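Here is how the chains run, residue by residue.
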Amino acid sequence: GAGVSQSPSNKVTEKGKDVELRCDPISGHTALYWYRQSLGQGLEFLIYFQGNSAPDKSGLPSDRFSAERTGGSVSTLTIQRTQQEDSAVYLCASSLVGGATSYEQYFGPGTRLTVT
Amino acid sequence: AQSVTQLDSQVPVFEEAPVELRCNYSSSVSVYLFWYVQYPNQGLQLLLKYLSGSTLVKGINGFEAEFNKSQTSFHLRKPSVHISDTAEYFCAVSDVFTGNQFYFGTGTSLTVIP
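For clarity, every value in this text was computed on a predicted model and none was experimentally measured. (Residues numbered from 1 in each chain as written. Chains lettered and ligands numbered in written order. Predicted model: local features only at pLDDT ≥ 70, side-chain atom pairs only at ≥ 80, totals over all residues. Heavy atoms only, no water.)

Chemist: Just give me the short version of the pattern of salt bridges, but keep the residues and values in it.
Modeler: All names here are of chain B. Applying the stated criterion to the full structure yields 9 salt bridges over all chains. Here E20 and R77 are joined by a salt bridge, their closest N and O atoms 2.8 Å apart. Taken as a pair, E20 in strand 3 (residues 19-21) and R77 in strand 9 (residues 73-78) lie far apart in primary sequence, 57 residues in all. On the basis of relative accessible area, E20 is assigned to the partly exposed category, the value being 35%. Because the salt bridges share partners, they merge into one network encompassing E20, E66 and R77. (Salt bridge = Lys/Arg side-chain N within 4 Å of Asp/Glu carboxyl O. Helix = DSSP H or I, 4+ residues; strand = E, 2+ residues; numbered from the N terminus. Buried < 20%, exposed > 50% of the residue type's maximum accessible area, 1.4 Å probe, protein only.)

Right under this line is the structure:
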């Protein structure tokens with residue numbers, strides 16, 4: 001079946017511009033995560049959506065970052081007024097909640113963001 | 001908050017030799033533990049997980065890991081590596097009671113030498 005997809009795969013933007021990154025989770029997965037992977041670093045948790053519950057935004061690094069999830073499916077991560085330190089690979093993952101496969105996250109291929 | 005330490009950033013090992021990739025986490029509360037692998041130019045995929053039960057967990061591709069609560073460790077092992085095991089390996093932990101946030105280590109780059 002289809003996995004997690006992300007678009008665009010690569011994005012180059014000028015400092016100060018806004019960008020939107022999209023994630024399509026696996027159908028039926030109620031949990032969705034966004035991470036940031038900087039060069040030589042581990043994955044940094046950004047935000048978590050679960051069903052209709054309020055998202056856990058505790059990992060967002062600043063108020064320039066926001067995310068939404070429409071209809072419990074597609075999610076968009078928006079970075080406003082991009083800075084060079086925002087350059088990273090942004091990863092999306094989805095998972096089921098409950099049952100034997102709980103907490104098994106399926107990752108998308110990522111969006112490589114370069115801020116010039 | 002949890003933190004995860006992967007002590008070795010790079011591990012070179014000869015083909016068919018055993019390997020152990022180390023992972024320690026910070027908190028003694030009940031945790032779920034995971035190892036993910038990222039092959040070159042591919043996304044992360046789950047190798048194995050510990051949620052409860054037996055402390056020795058077997059995963060895909062011949063890997064296994066042992067949960068040691070007293071040492072807060074979850075080291076990954078394989079008795080005989082192949083060239084195809086060359087990849088980046090990430091350890092991750094999640095608190096049982098929150099379950100929302102996953103804390104990842106900085107990764108260990110395993111290079112298998114022919």
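Chemist: An account of the sheet that holds strand 3 (residues 19-24) of chain A is requested, with residue identities and associated values reported.
Modeler: Residue and element names in this part refer to chain A. Reading across the sheet, the 4 strands line up as 1-3-7-6 and stay open at both edges, with antiparallel pairing between neighbours. Edge positions in the open sheet fall to strand 1 (5-7) and strand 6 (65-69), since each of these has one partner strand only. Taken pair by pair, the neighbouring strands of this sheet meet at an average axis angle of 15°, ignoring direction. The pairing of strand 1 with strand 3 spans 3 bridges and is classified as antiparallel. Paired with S5 across the strands is D24, a residue of strand 3. (Pairing = 2+ DSSP bridges. Axes fitted to C-alpha atoms, helices over the stretch in contact; angles between N-to-C directions.)

Chemist: Tell me about the interface of chain B and chain A, residues and numbers included.
Modeler: Size of an interface: often given as the accessible area lost when the parts come together. On the side of chain A, 19 residues touch chain B, which itself brings 17 residues to the contact. Of the roughly 1500 Å² buried between chain B and chain A, counting both surfaces, carbon and sulfur atoms make up 56%. At the boundary of chain B and chain A, one finds 1 salt bridge. Close ionic contact of E104(A) with K49(B) constitutes a salt bridge, the shortest N to O distance being 2.8 Å. Taken together, the connections running from chain B to chain A amount to 3 residue pairs in polar contact (both at pLDDT 80 or more). (Contact = heavy atoms within 4.5 Å. Buried area = accessible area lost by both parts, 1.4 Å probe. Polar contact = N/O pair within 3.5 Å; in protein donor to acceptor, adjacent residues only side chain to side chain.)

Chemist: For the layout of surface pockets, give the residues involved together with the corresponding values.
Modeler: To find leftover empty space, one rolls a probe the size of a water molecule over the atoms. The volume enclosed by the largest pocket comes to roughly 630 Å³. If you go around the largest pocket, you meet 27 residues; those closest to its centre are Q37(A), L39(A), V89(A), R112(A) and Q38(B). At the level of secondary structure, the elements contributing two or more residues to the lining of the largest pocket comprise strand 8 (88-95) and strand 10 (111-115) of chain A together with strand 10 (87-95) of chain B. Here the residues of the lining of the largest pocket are counted per class, giving 10 nonpolar, 15 polar and 2 charged. (1 Å grid on protein atoms, 1.4 Å probe; cavity = no way out; pocket = protein on both sides within 12 Å on 5 of 7 lines; lining within 4 Å. Points joined across faces, edges and corners; volume = space filled by probe spheres on them. Nonpolar A, V, L, I, M, F, W, Y, C, P; charged D, E, K, R; others polar.)

Chemist: Break down the packing of aromatic side chains for me, with residues and values.
Modeler: If you walk through the whole model with that rule in mind, you get 13 aromatic pairs over all chains. Residues Y35(A) and F45(A) carry aromatic rings whose centres are separated by 6.3 Å and whose planes lie at 75° to one another, so their mutual orientation is edge-to-face. Of this pair, Y35(A) sits in strand 4 (residues 31-37) while F45(A) is found in strand 5 (residues 43-50), placing the two residues 10 residues apart along the sequence. Judged by its relative accessible area of 0%, Y35(A) falls in the buried class. Residue class for F45(A) comes out buried when judged on its relative accessible area of 8%. Aromatic side chains Y35(A) and F107(A) sit 5.7 Å apart centroid to centroid with 35° between the ring planes, which places their arrangement in the tilted category. Of this pair, Y35(A) sits in strand 4 while F107(A) sits in strand 9 (residues 106-107), and the two are 72 residues apart along the sequence. Taken together, the ring pairs in this structure connect Y33(A), Y35(A), F45(A), Y48(A), F107(A), F34(B), Y36(B), F102(B) and F104(B) into an aromatic cluster. (Phe/Tyr/Trp six-rings, centres within 6.5 Å; stacked < 30°, edge-to-face > 60°.)

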